[in-house]
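What follows is the residue order along each chain.
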Amino acid sequence: MDDQASTLIPRPFEVVAKRRETHDVTTLMVEPSDGRSCFGFEPAQMGMIGVPGVGEVPISFSNHPDTSRCLSVTIRNAGAVTAAITGTEVGGVITVRGPYGTSWPIDLVAGRDVLFVAGGLGLAPLRSAVFAVAEESAERGSVGIVYGAKTPEDMLFKGDLEIWGEYDDVDVHLTVDAPTEEWTGGVGLVTALFEEALDSVRTPLVMMCGPDLMMINAGRDLVARDIDPSDIWVTLERNMKCAVGLCGHCQLGPLFVCKDGPVLRYDRVADLLEMREV
Amino acid sequence: MHKTDRLRSFRIEELTRVEGEGALEVVVDGDEIVDLEFRIFESPRFFEAFLRGREYTEAPDITARICGICPVAYQTSSINAMEQILGIRVSPQIRDLRRLLYMAEWIESHALHIYLLHAPDFLGFPSGMAMAAEFPTEVRDALRLKSIGNDLMACIGGREIHPVNPMVGGFHRAPTPDQLRAVEPDMEWALEAALRTVALVSTFPFPELDLDYEFVALSDPDEYAVLDGRIRSSEGIDITVDEFNDVFVEEHVERSNALHARIRDRGSYHVGPIARFNLNREQLHPVALKAARGIEPVVVNPFRSIVVRAVELVHACATGLDIVRRYVRPESPAATAPVRAGEGHGASEAPRGLLYHRYRIDESGIITDAQIVPPTSQNQLRIEEDLRRLIPTILGLTDEEMQHHLEQAIRNYDPCISCATHFLDFRVHRS
Amino acid sequence: MSFVLKRSELDQLVTVLREDGYQVYGPVVVDRAIRYRRIDSIDELAIGVRDVQGPGRYSLVERADDAIFGHTVGVTSLKDLFFPPRRAVWTAARDGDSYRFEPAAPTGARVAVIGARSCELAAMSIHDTVLLGGEYVDADYEARRKAGFIVSIDCTEPGEVCFCASMGTGPGADGGFDLAMTELRVDGGWEYVGRYGTQRGEAILERVEHRVPDQIEIGQARSAVSAAAGAMGRELTVTGLPEFLASHRQHPSWADIADRCLACGNCTQACPTCFCVSTIDTSSLDGATMTHDVRWDSCFSLDFSFMGGRPQRASIDARYRQWLTHKLSGWVEQFGSSGCVGCGRCITWCPVGIDFTAEIPRMMERIDG
Amino acid sequence: MGKPSLAVWKFASCDGCQLSLLDLEDRLLDIAEAVDIAHFPEASTAHADGPYTVSLVEGSITTPRDADRIRAVRHQSELVVAIGACATAGGIQALRNLADSDEFVRTVYATPTYIDSLATSTPISDHIEVDIELRGCPVSKIQLLDVVGALLAGRKPDLPTYPVCIECKARGVSCVMVAGGIACLGPITQAGCGAICPAYDRGCYGCFGPAETVNVASLAWQWRELGIEDEALVRSLRTFNTAAPAFAAASAAIEDR
Ligand SMILES: Cc1cc2nc3c(=O)[nH]c(=O)nc-3n(C[C@H](O)[C@H](O)[C@H](O)COP(=O)(O)OP(=O)(O)OC[C@H]3O[C@@H](n4cnc5c(N)ncnc54)[C@H](O)[C@@H]3O)c2cc1C
Ligand code: SF4
Ligand code: SF4
Ligand code: SF4
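Every chain is numbered independently, its residues counted from 1 as its sequence is written. Whichever chain is written first becomes A and whichever ligand is written first becomes 1, with later ones labelled in order. Where totals are concerned, whole chains, interfaces and linings use all residues; where local detail is concerned, this predicted model gives features only for residues with pLDDT of at least 70, and gives and counts side-chain atom pairs only at 80 or more. Only heavy atoms go into the side-chain values, all of them from the structure, while hydrogens and water stay out.

Draft legend 1. Layout of the site of ligand 3. Residues in contact with ligand 3, as listed here, are Asn266(C), Val164(D), Cys165(D), Cys168(D), Lys169(D), Cys175(D), Val176(D), Cys184(D), Gly186(D), Pro187(D) and Pro198(D). More than one chain reaches ligand 3: the nearby residues come from chains C and D. Put simply, DSSP H or I for four residues or longer makes a helix, DSSP E for two residues or longer makes a strand, and each gets a number counted from the N terminus. Of the residues forming the shell around ligand 3, the biggest block, 4 residues, is contributed by helix α6 (residues 164-170) of chain D. Residue type decides the class: Asp, Glu, Lys and Arg count as charged, Ala, Val, Leu, Ile, Met, Phe, Trp, Tyr, Cys and Pro as nonpolar, and the leftover types, Gly among them, as polar. Of the residues that constitute the shell around ligand 3, the class distribution is 8 nonpolar, 2 polar and 1 charged. What makes a residue near a molecule or strand is one non-hydrogen atom of that residue sitting within 4 Å of it.

Draft legend 2. Spatial organisation of the nonpolar core. Membership of the largest hydrophobic core comes to 231 residues, with the highest contact counts inside it found for Tyr359(B), Tyr320(C), Trp323(C) and Phe356(C). If you tally residues by element for this core, the top one is helix α4 (residues 92-123) of chain B, at 17 residues. What makes two residues a contact is simply this: any of their non-hydrogen atoms within 4.5 Å. Not counting chain neighbours up to four residues away, the residues in contact with Tyr320(C) comprise Trp254(C), Ile257(C), Cys261(C), Phe300(C), Ile354(C) and Phe356(C). Nonpolar cores were defined as sets of buried Ala, Val, Leu, Ile, Met, Phe, Trp, Tyr and Cys residues, with membership established by side-chain atoms within 4.5 Å. Burial classes follow relative accessibility: with a 1.4 Å probe on protein chains only, a residue under 20% of its type's maximum area counts as buried, one over 50% as exposed, and anything between as partly exposed. Formed by 79 residues, the second largest nonpolar core is a distinct cluster that contains Ile216(A), Ile232(A), Ala270(A) and Leu121(C).

Draft legend 3. Representation of the packing of aromatic side chains in the model. All names here are of chain C. By convention, a stacked pair of Phe, Tyr or Trp rings (six-membered ring in the case of Trp) has centres within 6.5 Å and planes under 30 degrees apart, an edge-to-face pair has planes over 60 apart, and any other such pair is tilted. Enumeration over the complete set of coordinates arrives at 33 aromatic pairs over all chains. Taking the centre distance of 5.2 Å and the plane angle of 80° together, the rings of Trp90 and Phe101 count as edge-to-face. With a gap of 11 residues between them, Trp90 in strand β6 (residues 86-95) and Phe101 in strand β7 (residues 98-103) connect regions that are remote in the sequence. You can call Trp90 buried: its relative accessible area is 2%. Accessibility expressed as a relative area gives 14% for Phe101, which makes it buried. Consider the rings of Phe163 and Phe356, whose centres lie 5.9 Å apart with planes at 90°: the pair is edge-to-face. In this pair, Phe163 sits in the loop between β9 (149-153) and α5 (164-167) while Phe356 sits in helix α13 (residues 356-368), placing the two residues 193 residues apart along the sequence. Classification of Phe356 as buried rests on a relative accessible area of 1%.

Draft legend 4. Expanded view of unusual backbone geometry. Across the junction of Gly261(A) and Pro262(A), the peptide omega takes the value 5°, indicating a cis bond. If you trace the backbone, Pro262(A) turns up in the loop between β14 (255-256) and β15 (263-265). A cis amide bond links Gly170(C) with the next residue in sequence, Pro171(C), at an omega value of 5°. For Pro171(C), the position within the fold is in the loop between α5 and β10 (179-186). The phi torsion at Phe157(A) lies on the positive side, around 50°, for a residue other than glycine. Checked against the element boundaries, Phe157(A) lands in the loop between β8 (143-149) and α3 (158-166). One non-glycine residue, Asp265(B), adopts positive backbone phi at about 55°. Take Asp265(B): it is sitting in the loop between β10 (259-263) and α10 (273-280).

Draft legend 5. Main features of empty space enclosed by the protein. All names here are of chain C. Cavities and pockets were defined on a 1 Å grid built over protein atoms only: a cavity is a set of grid points that admits a 1.4 Å probe from which the probe cannot escape, a pocket is an open set flanked by protein on both sides within 12 Å along at least five of seven lines, and lining residues are those with an atom within 4 Å of any such point. Grid points are joined across faces, edges and corners, and a volume is the space filled by probe spheres set on the points. Taken as a whole, this structure holds 16 cavities of 30 Å³ or more when the rule is applied. For the largest cavity, the calculated volume is near 130 Å³. Around the largest cavity sit 17 residues that line it, and Cys261, Cys267, Tyr320, Cys350 and Ile354 are the ones nearest its centre. When residues of the lining of the largest cavity are traced back to their parent elements, those giving at least two are α10 (266-270) and α11 (316-335). Split by residue class, the lining of the largest cavity holds 14 nonpolar, 2 polar and 1 charged.

Printed below as a string of structure tokens:
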């Protein structure tokens, strides 16, 4: 293992493949280029991904957690750093340090139904968990996936969604804010799909990721449907500069989202999320 | 190449390597100049109007913004005027510090002009940066000289451009002796580099042009006048700064956004390094005086201003070094006096020449009237006259060569067009 | 084990430390206030002055005597020395498509401080927890801390904004130093009755002339410090405070404070425990080398909480609440202690004099009343 | 791929901000190496036609001709960087904008002699889209260099919008307002200069324009405590950034009190 100090120094990773997901989201597959082996991670853990001289930003790993040779990151082009990362061509080098933070409670899945709730880019940190649960977890019950995006074009991982939908006991429910003519899924907020989703998964373990506002609404809705708040897990996003609790930026009340999170149990954060400007 | 058509016209749309924006338009008919216009289209900025209603303490900060190349000159002239009103006399240490700051500005400004703006004319380059390929040592030395001036400005003034430290009465904070001692080695190097500069520019080929100027500059029996003094001219003017308006008049010339100054009932005059040198040569620092040995007693060829500027660079470095070496921190950084109403005049020698300010303030220290006469508006008439004299001697050249000569002749003055357009009163029409 | 130094011997201590390659810092009057500055001799210290501090006010007055440490904490703190405002974390050199990373070289500077106060040692121990106590450490801080040497001075004349006694961090130091002393006036002269904190401290003092104090001197030093504990300028009731703040994030008082708060961040910058930083990436113009620096930031800056296209904490009251609630409440949960050591800097150096030791009781009253 | 090209343009100003580029002395040749200086009349006679990768624009718009000229600059430039208080807030010459008050009832325009001058001095962003604004009267040459470097590297330049106080403390300065009773605009002025004025024992006079948060009511209260009249605060707000919205609103609010 690396000594602690040096894990804050980024490592160079080569871009080995690149896939455009939507007009502003790109997935990069990267491999260490410093001759050392790649690190493993738990679903929902993140890394600080960067380009030297430009900056580094927190990004969740989106690949199957068992592919140990390389990592993938799915990134929306939101500003200078993400533009520099997603602009790196195959063969080019970006930097990675990590993995950091908490992960989805995969160990609680045994014997339970599971509901995944994702909004927008929130499917990226859930993707590795869906793989782990839907494919691997033998003792799992039924699985529901509820995913909302702005438009059909903004839907991520369309291929994965199709494959997941074909698994036994896995139902995929999709919704968009603004449908196109060919759209056959739901229209509106993710909460509008809970009714139908909860038909096939009962008192599920919920794993949810999306914008704060979506999680506030979805959380309220699920609790109103008698789901125990301690069965709901969310992953949060806050500004981060170090991702290891040394910069102070990501605090939410007494929590450091980087090390106490990003995955947190809903009952621990519900109040703070509901409150203005915490 | 000789042109057969009689009518030739030149337009230099945008004068380059001068501070600010100006244009030149010339029409010649055969040997005759039918139209010549050194036009300043830099937009007017109305400083005198803004100054009304401000507190007297604000004048140094506000007038500095007339020109980013010589802010210390503006600060000094305005401070002189205000101190005259309040009856403040500063300690020799504060005066020393002021002179040091002023010399720093000279070093920066002269190094900039000599190497980056003017020398390229003589060596045939479009810019100082382009010169770097062939004259790497000279250009690096020039930049280092310039930065030594700037670092000294930043050390005393807080920053290079629009220093924050000077105030009416002295300074907000006097540097510590340690801070100044730290610049001593650099200043020693600068002095050597300045001496090399004199040697270098003396070898430049100078076009022939002898003009009969009336030179005007501050003079002081005890020092090469910069901070203050009497206003003297080569034709016998010898007045106090207070009498400026009795002798000099400013007038608005059509189509130009700057005022032109002239000597009442007499005509144009010349301010700047050549004027200072011709009038005050003997007061130069001994090292500079020695460096000036080969220079004619009275410089009348404006193209040779670059040599004089180099001598002044030596003077500034040597004087600055002396001050740095003898510096003791003043007991108090500034002298104070109660506010009183009055009128005050202040002048100092900006790198480009005499800079005159006049203010009236009321009993609570509010400025009620202000007048500022910068060097470039004083030289503007001279520039046009120089061009009129030059053109007949270069008519045999191609348009391109001629244009180059004309621009070079303007750059002799290092005209600062930003300065020249500080003035106009802002008038409004009511309907 | 303890020792006594005469004033000239204190100066010897400075000399010995300098001989050992330390840069020695102590409280010096600079411009209008006392701050840590590098010294060559104790003559440069803030001798014979006393600071008068209050909310948004600070001035220096001459003392009747020539005590060296007859003042309280200055504008800067040990934070400025061990956790400086800006420093590099790593540099990289680019070679075609690959990079070589180098952790920033630990600074060669070994800092020795004379005159650190007990509240500052407490603040440093908090920094040790925050920056060195977790899974990841701040390597630069660690290097500076390991190399540093601390001579602490007990407080015998607390100031108007001091409340270390409330926070349990002073006025006498009981750890975190190499040497600690109490300045005592004895027969018209001065004595420094001291104790050892580390073997390193002992080894240094070995090389300085000194003698062993008698019981009376030790007693005098102790009672001067305990008298000081009863003479604090301010107090803060900390029992129940973390819970109170955590449960009153919606209190109307936040908005009232926000009317006065400038969100200028002075409190966070002056505070010896605030540790928030941002990162800055730069590169050479030719793109061949890069550096990654950290710089002090503040929870009062808008960019600090920028997320999802806007700052999380846009209003001033949200930012003030974040600061105070973190400092006095969240900190306890995160790091096992309050984030405040009672030095009063945030009260003094707030340009508009906001004083939380006054605001908090008012908030509590407003709920009760 | 060719070198990026740089153009420097001047409008109503003192030249100080573009001089900052030449004041980068030891880095100047590096810059000339990294970019093609295609148009910089103050420093070079050489001129290359656009389009330009980056245009640095100094000065404010005060004449109809300049209003046209700045649009032409935008057309030829991939990125426009406004440098200095004139370009980002109208500069001190925007004091003329205040003349447009009740007193001059209707149309306000210059006398025929000066017909070329507009009644207002306005920032570049009032006329065209600006990509980056560099504050300061003058700009900080460190920030200027960072912007050039950032554009070359494709990073966001380091231009904090928090107040001068943050830099003041980082510099270890003892606050002049707290320790000296000196009026200081630092708490409402954007950082970037490195807190020069307090380090020279005077109050900040706001040359970097408004900070991200401007609580001028509270500052006014404190200045009154220090014995400084509101008129002085109004004057302080009406200097080099007089027309910056936050300062303009604040000075008007105090005047209305
Ligand atoms: C735990 C975690 C996991 C994330 N996972 C992903 C992911 O898988 N894919 C993805 O595309 N994005 C992810 N993000 C968001 C991503 O970090 C930001 O989009 C990124 O920082 C933007 O940086 P920028 O410089 O390109 O944009 P900027 O121009 O700096 O800002 C653009 C937007 O990014 C956000 N942002 C800026 N700086 C930060 C920061 N330091 N930390 C967090 N947000 C910031 C702001 O919301 C802003 O609106 C994650 C964030 C967190 C905290
Ligand atoms: S919160 Fe205030 S009193 Fe407490 S340690 Fe920080 S600055 Fe000192
Ligand atoms: S001196 Fe001015 S800028 Fe510095 S901390 Fe005080 S108020 Fe802020
Ligand atoms: S302190 Fe204020 S006035 Fe002084 S240079 Fe900085 S921003 Fe400008």
